[in-house]
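Read off the chains here:
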Amino acid sequence: MRKLSDITHIGRIIDLRLASNRAALLIPTGAALVLYGLDTSDIRRAIAGAMGSVAAWMLARELDPDRPHAATIAAFLAPASTLVLGAPAPAALFLTLFTARILARTTGLPPRTTDYAGVGLGAVVFADTPWGWAVGILLAFAMVRDVALPGDPPMNAGLWGAVLAIGVTLRAAFGDRLGDWTAPDVTSLGFILFGLVGAAVVVQPIPVLSLGDWTRMPLEPRRVREAAVFTVLTAALAVLAGGQAGVVAVAPLLMTFAAVAMTRIASR
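Notes on the structure follow. (Residues numbered from 1 in each chain as written. Predicted model: local features only at pLDDT ≥ 70, side-chain atom pairs only at ≥ 80, totals over all residues. Heavy atoms only, no water.)

**Brief notes about the overall build of the protein chain**
(1) Moving on: When you go through the protein chain residue by residue, the secondary structure sums to nine helices and zero strands.
(2) Moving on: The linear arrangement of helices and strands in the protein chain, starting from the amino end, is α-α-α-α-α-α-α-α-α.
(3) Moving on: On C-alpha atoms alone, the protein chain measures out to a radius of gyration of 17 Å, which is about the 18 Å that the 2.2 N^0.38 rule sets for 268 residues.
(4) Moving on: Along the three orthogonal principal directions, the C-alpha set of the protein chain runs to about 45 × 45 × 40 Å.
(5) Moving on: Taking all 268 residues of the protein chain together, 53% fall into the buried category. (Helix = DSSP H or I, 4+ residues; strand = E, 2+ residues; numbered from the N terminus. Rg over C-alpha atoms; globule rule 2.2 N^0.38 Å. Buried < 20%, exposed > 50% of the residue type's maximum accessible area, 1.4 Å probe, protein only.)

**Some details on a nonpolar patch on the surface**
(1) Moving on: A cluster of nonpolar side chains, contributed by V34, L38, L83 and V84, occupies part of the molecular surface with about 370 Å² of accessible area.
(2) Moving on: Counting residues per element, the ones that place at least two in the nonpolar patch are α1 (19-38) and α3 (68-85).
(3) Moving on: The residue L83 is located in helix α3 in this model.
(4) Moving on: Given the relative accessible area of 43%, L83 is considered partly exposed. (Patch = residues over 30% accessible without salt bridge, like charges linked within 9 Å, V, L, I, M, F, W, Y side chains within 5 Å. Areas by Shrake-Rupley, 256 points an atom, 1.4 Å probe, with all protein chains shown as cover. Salt bridge = Lys/Arg side-chain N within 4 Å of Asp/Glu carboxyl O.)

**Digging into unusual backbone geometry**
(1) Moving on: The phi torsion at R105 lies on the positive side, around 50°, for a residue other than glycine.
(2) Moving on: With respect to the helices, strands and loops of the structure, R105 is situated in the loop between α4 (90-104) and α5 (113-125).
(3) Moving on: For R105, a relative accessible area of 6% gives the class buried.
(4) Moving on: One non-glycine residue with positive phi stands out, namely N156, at about 60°.

**A word on the side chain of T82**
(1) Moving on: When you line up the elements, T82 lands in helix α3.
(2) Moving on: Residue classification places T82 among the buried positions, given a relative accessible area of 0%.
(3) Moving on: What T82 contacts, discounting residues up to four positions off in sequence, is L35, R45, G49, A87 and P88. (Contact = heavy atoms within 4.5 Å.)

**Describing the packing of α3 against helix α8 (residues 186-202)**
(1) Moving on: Taken N-terminus to C-terminus, the directions of α3 and α8 make an angle of 165°; their axes are 11 Å apart at the nearest point. On the basis of their axis angle, the class for α3 and α8 is roughly antiparallel. Crossing of α3 against α8: the hand is left-handed. Contacts from S81, V84 and L85 in α3 reach T187, S188 and F191 in α8.
(2) Moving on: Among the residues forming the contact of α3 with α8, the class breakdown is three nonpolar, three polar and no charged. (Axes fitted to C-alpha atoms, helices over the stretch in contact; angles between N-to-C directions. Parallel < 35°, antiparallel > 145°, perpendicular 65-115°, else oblique. Left-handed = near helix turned anticlockwise from the far one by under 90°. Nonpolar A, V, L, I, M, F, W, Y, C, P; charged D, E, K, R; others polar.)

**Topic: the side chain of T129**
(1) Moving on: For T129, the location among the structural elements is in the loop between α5 and α6 (130-145).
(2) Moving on: A polar atom in the side chain of T129 sits 3.2 Å from the side chain of W131.
(3) Moving on: In this structure, T129 is in contact with R177 and L178, ignoring residues within four places of it in sequence. (Polar contact = N/O pair within 3.5 Å; in protein donor to acceptor, adjacent residues only side chain to side chain.)

**A few points about the nonpolar core**
(1) Moving on: Counting residues in hydrophobic clusters, the biggest one holds 67 residues, and the most contacted among them are W57, L139, L164, L253 and F257.
(2) Moving on: The element contributing the most residues to this core is helix α9 (residues 221-267), with 18 residues.
(3) Moving on: Apart from residues lying up to four places away in sequence, L139 is in contact with L95, F98, T99, I102, V119, A123 and L164. (Core = buried A, V, L, I, M, F, W, Y, C linked by side-chain atoms within 4.5 Å.)

Structure below.
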């Protein structure tokens, strides 16, 4: 039987034997049921809220590998933002996850060519919105930045990053979903502030004890911090480019920053 690492170097297995990992399925399922129960006419919001919860859990595992409770809190907070603001953009959240994973290298291995191709194609497809372009362009820069960080350098990362940057920009330029830019309302500004406070903690350097999934070698703290910085930049650019709609799209990411920050502060 082929291992997952034979197919992808940025895919991770969720071990359901661990209670913290079971939360990645149970909390989003519960969130979907609650969101749908509150408004049975909007199943899209329920599904997007559940996916946003899963993405928040996974993002927190990249940003703070040593504290699994941060992921559980993020999975709870993400649907709350959906309840208040509306349906997020799951594609943008999962592409941001891959930005973080490429840089943090939590699997221990550099991306494969198939990883670049698959993630890059997805980024181009979903770059027809301002926040989709923001996520895609930061992913492109992350591919290039990966080369300068500790560990085995990935092959042709600069080329893939350049192609992706051009692709997402062309997709955004010729897309038909850019819409009108609207300033974030008061409620959204509250979520932005919440996320900014969390981001200020998330980008601080921390020691890392966790091991890479496939190599079982210690993760590089510099990489984990770089992943945090790029993730914060992604959220900031998505909000600046998308305005109110951008805040709604990446609200679970803002809640992830808050969850990680709360867990770090509580553990001190």
